[in-house]
Amino acid sequence: MKADDNLCLCFHVSWRKVINYTRVHRVKIPSQLAECQGAGTGCGWCIAAMKRIVAKAESLPTDPDGIDAWLEQDFPASADYAEGRKKHIADKNDPQSD
Ligand code: FES
């Protein structure tokens, strides 16, 4: 995962944007991130990642290399993340999945 990859795939909001917004606006709860270009207000897949970012709000990296290193350490590869979203959406649309 890289900082310029999209965290919110529904609204094309990057990890860098959400991380910086969390830091600058001192976000306390993930739902506040809806103000960041609508992040988290579509399929809901990215909400778990946003919760992890908000939980680390006091220690988020600030420099681009630091953000990339943190993402690579703590989050899945971009393709795996996107694949997880596809499954999430398919499960939501499958009435048999409950
Ligand atoms: S990926 Fe963020 S709401 Fe769908």
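Every value quoted in this text rests on a predicted model; they were computed, and no experiment measured them.

### Things to note about the nonpolar core
Nonpolar side chains in soluble globular proteins tend to end up buried together. Counting 24 residues, the largest nonpolar core has Leu7, Trp15, Val18, Ile53 and Leu71 as the members making the most contacts within it. Every element with two or more residues in this core is listed here: strand E1 (6–8), helix H1 (15–24), helix H2 (47–55) and helix H3 (64–74).

### Regarding the packing of aromatic side chains
For the coordinates displayed, the defined rule picks out four aromatic pairs. Geometrically, the ring pair formed by Trp45 and Tyr81 is tilted, given 5.7 Å between the ring centres and 50° between the ring planes. With Trp45 in the loop between H1 and H2 and Tyr81 in helix H4 (residues 78–93), this residue pair connects regions lying 36 residues apart in the sequence. Looking at Tyr81, the relative accessible area reads 5%, which means it is buried. Its guanidinium or amino end placed over the ring of Phe75, Arg52 lies 4.1 Å from that ring's centre, counting from NZ or CZ.

### Looking at H1
What H1 keeps buried is the set Trp15, Val18, Ile19, Tyr21 and Thr22. Seen end-on, H1 carries its buried residues on one side only, within an arc spanning 165°. Turning to H1, the residues buried within the fold contact E1, strand E2 (13–14), H2, H3 and H4. Trailing H1 by a residue or two, Arg26 shows a phi angle of about 50°, which is positive.

### Examining the side chain of Thr22
In this fold, Thr22 is placed in helix H1. Residue Thr22 is classed as buried on the basis of its relative accessible area of 1%. Of the polar contacts made by the side chain of Thr22, one reaches the backbone oxygen of Val18; its length is 2.7 Å. If sequence neighbours within four positions are ignored, Thr22 has contacts with Val27, Leu33, Ile53, Val54, Ala57 and Leu60.

### Observations regarding the pattern of salt bridges
All told, the structure shown has five salt bridges when counted by the stated rule. In this structure, the salt-bridge partner of Lys86 is Glu83, at a minimum N-O distance of 3.8 Å. Here Lys86 and its partner Glu83 are both found in helix H4, three residues apart, which amounts to about one turn of the helix. In this structure Lys86 comes out as exposed when scored by relative accessible area, which is 54%.

The rules behind these values
Residues numbered from 1 in each chain as written. Predicted model: local features only at pLDDT ≥ 70, side-chain atom pairs only at ≥ 80, totals over all residues. Heavy atoms only, no water. Core = buried A, V, L, I, M, F, W, Y, C linked by side-chain atoms within 4.5 Å. Buried < 20%, exposed > 50% of the residue type's maximum accessible area, 1.4 Å probe, protein only. Helix = DSSP H or I, 4+ residues; strand = E, 2+ residues; numbered from the N terminus. Phe/Tyr/Trp six-rings, centres within 6.5 Å; stacked < 30°, edge-to-face > 60°. Lys NZ or Arg CZ within 6 Å of the ring centre and 35° of its normal. Arc of directions from axis to C-beta. Contact = heavy atoms within 4.5 Å. Polar contact = N/O pair within 3.5 Å; in protein donor to acceptor, adjacent residues only side chain to side chain. Salt bridge = Lys/Arg side-chain N within 4 Å of Asp/Glu carboxyl O.

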